[in-house]
Amino acid sequence: MPFMPVKFNLPKRVKLAQGLWMLYWFSVIVGILIFSLGIFFKIELRKRSEMMDNNESHLVPNLLILMGMLACGINTFGGKVCHDCLDPIKFTKWKPMLKMYLLLCCGFSMLLLLTALLCILMQFAVYLTLAEGLKNGIKFYKDTDTPGRCFMKRALDLTQIEFRCCGNNNFRDWFEVQWISNRYLDMSNDEVKDRVLSNVEGKYLMDSVPFSCCNPGSSRPCIQHHLTNNSAHYDYDLRTEELNIWMRGCREALFSYYSSMMNSIGALVFATIILELADMAGLKYLSTALETMVDPENPECESKGWLLEKGIKETFTELLAKLKMLGKKTNQVEEGRDATVDTT
Amino acid sequence: MAVGKVTFTKAEREKLAEVLWLLNWISVVAGMILFGLGLFLKIEIQKWQEVMSDQEILYAPHILITMGLAACGINFLGGKICLDCADTNKFLHWKLVMMPYIICTFFFTSCVLAGALMCYSIRSQLEESLFLGLRNAMRYYKDTDTPGRCYLKRTLDLLQIQFHCCGNTGYRDWFQVQWISDRYLDMTSSAVVDRLRSNVQGKYLVDSVPFSCCSTLSPRPCIQQQISNSSAHFSFDQQSQQLNLWKRGCRQTLLDHYTSIMQSVGLIVLLIWLFELLVLTGVRYLQTAMENVLRLGDPDSESDGWILENSLAETAHSNFNIIKNLGKCYQVDDDLNINIPAATAQQEVPSQQNQIPAAS
């Protein structure tokens, strides 16, 4: 009892072949789209790798690039088969490869599922990398003369301006690090000396933030220094002043950016899986319809197409039995080899 | 003595009609490109419209948008006409429309050229407009509570951050305007009152700049206050001063930005104009060739096509006479000696009689 049988006559077969050919070419375009999204994601990660300590994992974009290329190749082959299948001579060329091809498509769909799951799950890794990277970024902000870190200030300033954020969790992170280099501090000044001495680690800490934290939408000129001291500025209260500097932390801002990107890519990969399954089903129907033609010489005869030759349960038990047989055969071969080794 | 005379066989005429049909459809795409360019230019100008004092710059994108839509329509009609022109019977439907269509397309093509030239000539007008616009923007920077000006601060800050520029000509322009609102000045403080009194117009002027002038390339934290007093800051040497703020003025930066956009847009519009001129020439040749075929009477014979029937001087002279006579026939003339309206009517009737036997 075949699973989901459908009767086909010539016009229906022709329509199925044409529709399937267009579907395969659409899948090729989707494959190209996944490839380009993988490249885009890789470039975005590289652009901001300084914020992630150059430590970010490129697994997801590399996998997307690979999946895109595989999708293009597999679907082009499928399209070629569909194009040739209505011509019996050409179809006999492709017939023996079809079973292998469908198994390959199955495997590819599994890989796509894995990629989609990774897209969703790797967001945690990105979050942790961002937290660590930003913490180090703020720490090394002042080291513009240390080779390897001299562009950290610029990168962090540009990130805070572009993503409209300040600090790691919020702007108070800047109060806990010395972000002004000792080269620009007048060590002979009493105030500076007092501040440095009052700190256990000898750091020059201030309740100020860099200029890149300033919000252009504020109605008053930016207040960067002495933020916690309300009396240092006229008509200023830190608790009510929300527009002065950016209130959001850069970790949250960068994470929401990458998270939305990864979620959309994951959704697209899920849609591609469904598309691939539709392709496989169509090809199975088409190949069975062509194989079961009652009279091969007469192209106008009727035929039947199905998804599985027997029902789902029976196919499953057959598959298990086959795997068991395969297992037994390999065991027998090994036992035979051991026996011959023992006897010699 | 015809201008640009070329002889066409029947096959050549049909080929010309086919090629022109294709070219007209490509022109429709070119028209859409023109429309897109106009839209892009309009959006780019509107982004920073607040720092431009006059809005005449918007004429160029509006012309491009109109021309783009007109191109789509004209070339769509042209494609239809050219498709029908290969056959002499179908050509008769369009015969009377062809001449007005060609004149219309000629005027449209000149408008496209005008649009392209406008893109190139806009630089001086833009410079003046930017100078005044930026000066006003800096004056009203502090007026964040005045309706109509409350977003100027944000616009100017974003402009300086994005284009890496400061002030009109340079950062010193900020020393000459009061950019801190009185609302945020402590009038009870003696320092503030002194500064206000020392200025003739009672403005609070400082040698400081807004935060958006700070350069991200500077290795040291930004120094915004007391910029002209290098001893007020530790180790504020020449090199630190160079890297501290953005050096360029916003007027020059914006001018360069818009000039480069306009030049690229102008170049593309010029190329589209050349293409439209080519299509127009082809349609004119097809029209004259088909008319001559009808005049000769044999649809399979060879015929001549030209751009102008007589030389340029003669055509101009005859057109001028037509316009003069057109003017005269609208005059209510009491002079019985002049008999021109009757004479021209008599001339028209015989020429129509001549054409009808030729067509049959």
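Residues numbered from 1 in each chain as written. Chains lettered and ligands numbered in written order. Predicted model: local features only at pLDDT ≥ 70, side-chain atom pairs only at ≥ 80, totals over all residues. Heavy atoms only, no water.

Taking an unreviewed UniProt entry as the reference, chain B is identified by name as Peripherin 2-like b belonging to Monopterus albus. UniProt, in its Subcellular location (unreviewed entry) section for chain B, records the words "Membrane". In its Sequence similarities (unreviewed entry) section, the UniProt record describing chain B reads: "Belongs to the PRPH2/ROM1 family." (UniProt positions renumbered as here; feature names shortened; annotations may be inferred.)

(A) Fine view of a nonpolar patch on the surface. Where nonpolar side chains cluster on the molecular surface, the patch consists of A:Leu113, A:Leu117, A:Ile120, A:Leu121, A:Phe124 and A:Phe270 and spans about 570 Å² of accessible area. The leading source of residues in the nonpolar patch is helix H3 (residues 88-121) of chain A, at 4 residues. (Patch = residues over 30% accessible without salt bridge, like charges linked within 9 Å, V, L, I, M, F, W, Y side chains within 5 Å. Areas by Shrake-Rupley, 256 points an atom, 1.4 Å probe, with all protein chains shown as cover. Salt bridge = Lys/Arg side-chain N within 4 Å of Asp/Glu carboxyl O. Helix = DSSP H or I, 4+ residues; strand = E, 2+ residues; numbered from the N terminus.)

(B) Region of interest: the packing of aromatic side chains. Residues and elements named next belong to chain A. On inspection of all chains with the given rule, the structure shows 19 aromatic pairs over all chains. An aromatic cluster of three or more residues is present, and its members are Phe41, Phe163, Tyr257 and Tyr258. Positioned above the aromatic ring of Trp94 is the side chain of Lys93, whose terminal nitrogen or guanidinium carbon lies 5.1 Å from the ring centre. The ring centre of Phe140 lies 3.7 Å from the NZ or CZ of Arg149, which sits over that ring. (Phe/Tyr/Trp six-rings, centres within 6.5 Å; stacked < 30°, edge-to-face > 60°. Lys NZ or Arg CZ within 6 Å of the ring centre and 35° of its normal.)

(C) Structural view of the domain arrangement of chain B. Looking at chain B, the domain boundaries give domain 1 (3-138 + 252-314) and domain 2 (171-229 + 238-247). For domain 1 of chain B and domain 2 of chain B, the distance between their C-alpha centroids amounts to 53 Å. (Domains from an automatic or database assignment.)

(D) Region of the structure containing the packing of helix H4 (residues 123-139) of chain B against helix H5 (residues 152-163) of chain B. Residue and element names in this part refer to chain B. At a minimum axis distance of 9 Å, the contact between H4 and H5 shows a crossing angle of 120 degrees. Comparing their axes, H5 and H4 come out oblique. Relative to H5, H4 is oriented so that their crossing is left-handed. Contacts between H4 and H5 involve Leu134, Ala137 and Met138 from the former and Leu152, Leu156 and Leu159 from the latter. Along the lines of polarity and charge, the residues of the contact of H4 with H5 split into 6 nonpolar, no polar and no charged. (Axes fitted to C-alpha atoms, helices over the stretch in contact; angles between N-to-C directions. Parallel < 35°, antiparallel > 145°, perpendicular 65-115°, else oblique. Left-handed = near helix turned anticlockwise from the far one by under 90°. Contact = heavy atoms within 4.5 Å. Nonpolar A, V, L, I, M, F, W, Y, C, P; charged D, E, K, R; others polar.)

(E) Molecular detail of the UniProt feature "transmembrane region" (unreviewed entry) in chain B. Residue and element names in this part refer to chain B. UniProt records the feature "transmembrane region" (unreviewed entry) at residues 20-45, 57-78, 98-120 and 265-286, using the numbering of this structure. Across residues 20-45 one finds 100% helix and 0% strand; the C-alpha atoms that close the span lie 36 Å apart. In residues 57-78, the share of helix is 91% and the share of strand is 0%. The end C-alpha atoms are 32 Å apart.

(F) Region of the structure containing the confidence of the model for chain B. Residues and elements named next belong to chain B. Chain-level statistics for chain B give a pLDDT mean of 87 and a share of 91% at 70 or above. By mean pLDDT, helix H10 (residues 340-359) is the weakest element of chain B at 47, and H5 is the strongest at 95. Overall, residues 343-360 carries pLDDT values under 50, and its contacts beyond four positions in sequence, including any with other chains, amount to 3 contacts. Here the complex is predicted with pTM 0.83, and the ipTM for its interfaces comes to 0.83. (pLDDT = per-residue confidence, 0-100.)

(G) Representation of the interface of chain A and chain B. Facing the 24 residues of chain A at the interface are 25 residues of chain B. Of the roughly 2300 Å² buried where chain A meets chain B, counting both sides, 68% is carbon and sulfur surface. Of all residues in chain A, A:Tyr184, A:Phe211 and A:Pro216 bury the most surface against chain B, accounting for 28% of the area lost on that side. Along the contact surface separating chain A from chain B lie 0 salt bridges. Run the count over chain A and chain B and you get 5 residue pairs in polar contact (both at pLDDT 80 or more). Split into classes, the residues belonging to the side of chain A that touches chain B amount to 12 nonpolar, 6 polar and 6 charged. (Buried area = accessible area lost by both parts, 1.4 Å probe. Polar contact = N/O pair within 3.5 Å; in protein donor to acceptor, adjacent residues only side chain to side chain.)

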